[in-house]
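What the coordinates show
Each chain is listed here by its residues.
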Amino acid sequence: MKKLAIIGSTGSIGTQALEVVDQMSDIKVTAMACGRNRDLLLKQARKYMPHLISCEREEDARWLAEDLKELPIDVMYGDAGLKAVAEDSESDLLLNAIVGMRGIKPTVYAIKKGKDIALANKETLVAAGQIIMPMAKENGVKILPVDSEHSAIFQSIKGNKSEEIRRILLTASGGPFRGMSYEELEKVTLDDALHNPNWSMGKKVTIDSASMVNKGLEVMEAHWLFDVPVNRIQVLVHPESILHSAVEFDDGAIIGQMGVPDMKIPIHYALTYPRRAELDVEPLDLFEVGTLHFYHPDMETFFGLQLAFDASITGGNMPCVYNAANEEAVKAFLEGRIKFIEIPMLIQQAMMESDYDESPALDDILATGEDTKKLVEHLITQNS
């Protein structure tokens, strides 16, 4: 029996992970944490009977504790609750599925307790990969990627060594604005940006996909996960989202992973690794698909992607600046305070104006994140 703790249980990845758990008899959910969706967390707690749950706010925790008082479920909240779920003594695997830099600390807590990580929080490696990966190795912890692209790369590399990799071929759907000009992007609305043609994701990740910033974050994540320099990572726009990514080896062979665009497949692989188990998902019909297309990304129009390569090559705290600036800019876009096209502009301004730290410690990275968000908020106010 594998015992699972979930951070972000009410979000897109968390709920899909629980759908996967529903199909399995050998996984027990022992602890779960969410933000403010207390109604869904209540339903999840009653269904899965973890011994511990946590939410963001104290008032929600009190409400949950009152409703669950007849059950043996501890209720916590805030950072202490998040830490308790990450360190849960009954679990052996943590699914980190929250969005943003808040996911870094729970990853660290779990690694120090020797727990394997099913990682859907890409910010953990984007901002702090130089700290997280050595820490995981030191503690004998596996980092199992949940993103469809990184799961595909992980599966394609299996049985081979990183030094044998010539290139990582990282696919991208291109989002809803593929082929648009810069002038056209200036006119897109929030509703336009929230419509992804292939994937069902949370709002923040959907916006990141539309701007191609998500692919930039994935480039940086792949660099740390697979120990491959970013100049050997190539982004391929693949509108069908059937080939989820591939690896080219030194002998010219290319190995990739294909499947329907369904996040339950990579989630399931991370939860069951190193074995494979049956999963009830729509089968891939290659006869129906017929043809697959691949294009070069437009890194001039979608220059947020180019900025990610720049940030990764610069290194130090610059990937953290990139990530934090994007978080704050996307938040402002979702609130209707900036235009879509301003997201990469704010990232670029933040990278130009932030102080560079070549070898940041974890506390330095977290401080950089907070400083960058304040800087972006100042830039938004200044420009409004």
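Everything below is about the structure printed above this text.
Residues numbered from 1 in each chain as written. Predicted model: local features only at pLDDT ≥ 70, side-chain atom pairs only at ≥ 80, totals over all residues. Heavy atoms only, no water.

**Here we look at the sheet that holds strand E9 (residues 233-237)**
Defined as follows: Strands are treated as partners if at least two bridges between them are detected by DSSP. Secondary structure elements follow DSSP: runs of H or I no shorter than four residues count as helices, runs of E no shorter than two count as strands, and numbering proceeds from the N terminus. Angles shown run from 0 to 180 degrees and are taken between the N-to-C directions of axes, each axis being a line fitted to C-alpha atoms and, for helices, limited to the stretch in contact. Note on contacts: a residue pair qualifies if any of its non-hydrogen atoms lie within 4.5 Å across the two residues.
If you trace the 4 strands from one edge of the open sheet to the other, you get E9-E8-E10-E11, paired in mixed fashion. Two strands close off the open sheet at either side, each with one partner strand: E9 and strand E11 (254-258). Averaged over all neighbouring strand pairs, the angle between strand axes comes to 20°, with direction disregarded. Where helix H11 (residues 213-226) meets the sheet, it contacts strand E8 (165-172) and E9, and its direction lies at approximately 150° from that of E8.

**What to know about the side chain of Gln155**
This is how the line gets drawn: Here a polar contact means two N or O atoms within 3.5 Å. Within protein one must be a hydrogen donor candidate and the other an acceptor candidate, and residues neighboring in sequence count only if both atoms are side-chain atoms.
On the secondary structure map, Gln155 appears in helix H7 (residues 148-157). In this structure the side chain of Gln155 is engaged in a polar contact, spanning 2.6 Å, whose partner is the side chain of Arg276. Every residue in contact with Gln155, bar those within four places of it in the chain, is listed here: Gln257, Tyr269 and Arg276.

**A word on a nonpolar patch on the surface**
Cut-off, in case you're wondering: Patch criteria: residues need more than 30% relative accessible area and no salt bridge. Like-charged residues are merged within 9 Å; nonpolar side chains of Val, Leu, Ile, Met, Phe, Trp and Tyr are merged within 5 Å. Accessible surface is estimated by sampling points in the Shrake-Rupley manner with a 1.4 Å probe; for residues, cover comes only from the protein chains shown. The term salt bridge refers to a pairing of a side-chain nitrogen on Lys or Arg with a carboxyl oxygen on Asp or Glu at a separation within 4 Å. Only protein chains enter the accessibility calculation, which uses a 1.4 Å probe. A residue is then buried if its area is under 20% of the maximum for its type, exposed if over 50%, and partly exposed in between.
On the surface, a nonpolar cluster with roughly 240 Å² of combined accessible area is contributed by Met258, Leu284 and Leu286. With respect to the element layout, Met258 can be found in strand E11. Note on Met258: relative accessible area 39%, which makes it partly exposed.

**Remarks on the pattern of salt bridges**
Scanning the entire structure with this criterion turns up 25 salt bridges. Between Arg275 and Asp26 there is a salt bridge whose closest N-O contact spans 2.2 Å. Taken together, the residues span a long stretch of sequence, with Arg275 in the loop between helix H12 (264-272) and helix H13 (286-289) and Asp26 in the loop between helix H1 (12-22) and strand E2 (27-33) at a distance of 249 residues. Among the residues examined, Asp26 registers a relative accessible area of 27% and is labelled partly exposed.

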